[in-house]
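# Summary of structural features
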Amino acid sequence: MAFPPEAVRIAGFTLRQVTSSIRTQSPYSFAQTAYDFMGGTWAAELTLAAFDARESAAISAWLASLNGPAGRFELDMAAMEYEGPQGTITADPVVAVAANARAQTLVLQLATAADTITVGDYLTLDGHLHIVTGAEAPTAAFRQTLTLWPRLRAPVAPGDPVALRAPYGTWALAGPETALAVSQARVRTRTVQLVEAL
């Protein structure tokens, strides 16, 4: 896996959160029941722009190399103008306490007493993107307990690295087709649908 080539310029990025929960309603009493199947994943739409034919060709070659949804690549969250953690982070944290797959809670070891992670921050663990939905205050031992979405994809162990200062997601094309659009003004764009590669 690798990040896209330098020629790939992102003109637009739409990030979607997809859950496996549903709400059903009785057609007779209108009583509702919610079901949480504990699944969550990311989906995205990416609009790529090329300024000239050379860049357009580089983008075409990169997209072709992905072989449709078979290929995987990493995309830096800065692509969607995410400016990094809202709190103070002097160094990327590590996992402090082991957690099982599908866990929502994660305890991280921060580098200094000044470090703190806040709700709305993104982080990457084992190549998977998560958003912080709950954050307790850091302890005197520089540990912070977080609630994440989506749930952990795999078990984590103490010392596992966490990318917080430059989070990224692992993606694949959502389908087997990509298309190039060229306007009369010779503006070359591509819009591709992405799914989180697990």
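In what follows, the accompanying structure is described.

Criteria and cut-off values
Residues numbered from 1 in each chain as written. Predicted model: local features only at pLDDT ≥ 70, side-chain atom pairs only at ≥ 80, totals over all residues. Heavy atoms only, no water. Salt bridge = Lys/Arg side-chain N within 4 Å of Asp/Glu carboxyl O. Helix = DSSP H or I, 4+ residues; strand = E, 2+ residues; numbered from the N terminus. Buried < 20%, exposed > 50% of the residue type's maximum accessible area, 1.4 Å probe, protein only. Contact = heavy atoms within 4.5 Å. Pairing = 2+ DSSP bridges.

### With respect to the pattern of salt bridges
Tallied over the entire structure, the rule returns 4 salt bridges. Arg9 serves as the salt-bridge partner of Glu55, at 2.5 Å between the closest nitrogen and oxygen. Note that Glu55 is positioned in helix α1 (residues 53–65) and Arg9 in strand β1 (residues 9–25), a separation of 46 residues in sequence. A residue is classified by how much of its surface remains accessible, and Glu55, at 6% relative accessible area, is buried. Arg165 is the salt-bridge partner of Asp92, the closest N and O atoms lying 3.4 Å from each other. Residue Asp92 is found in the loop between β3 (73–76) and β4 (94–95), and its partner Arg165 is found in the loop between β9 (162–163) and β10 (168–173); the two are separated by 73 residues along the sequence. Residue classification places Asp92 among the partly exposed positions, given a relative accessible area of 31%.

### So, the environment of Pro4
Tracing the backbone through its elements, the reader meets Pro4 in the segment before β1. Separated by 55 residues in sequence, Pro4 and Ile59 have C-alpha atoms that sit 8.6 Å apart. Contacts of Pro4, omitting those with residues within four sequence positions, involve Trp62, Phe73, Glu74 and Leu75.

### With respect to the pairing of β10
Of all 6 residues that make up β10, 6 are buried, and the element is covered over most of its length. A two-sided burial pattern is seen for β10, the buried positions comprising Tyr168, Thr170 and Ala172 on one face and Gly169, Trp171 and Leu173 on the other. Sheet topology places β3 next to β10; 4 bridges connect them, and they run antiparallel. Counterpart to Phe73 in the pairing with β10 is Trp171. Examined bridge by bridge, β10 and strand β12 (residues 188–196) share 3 bridges and lie antiparallel to one another.

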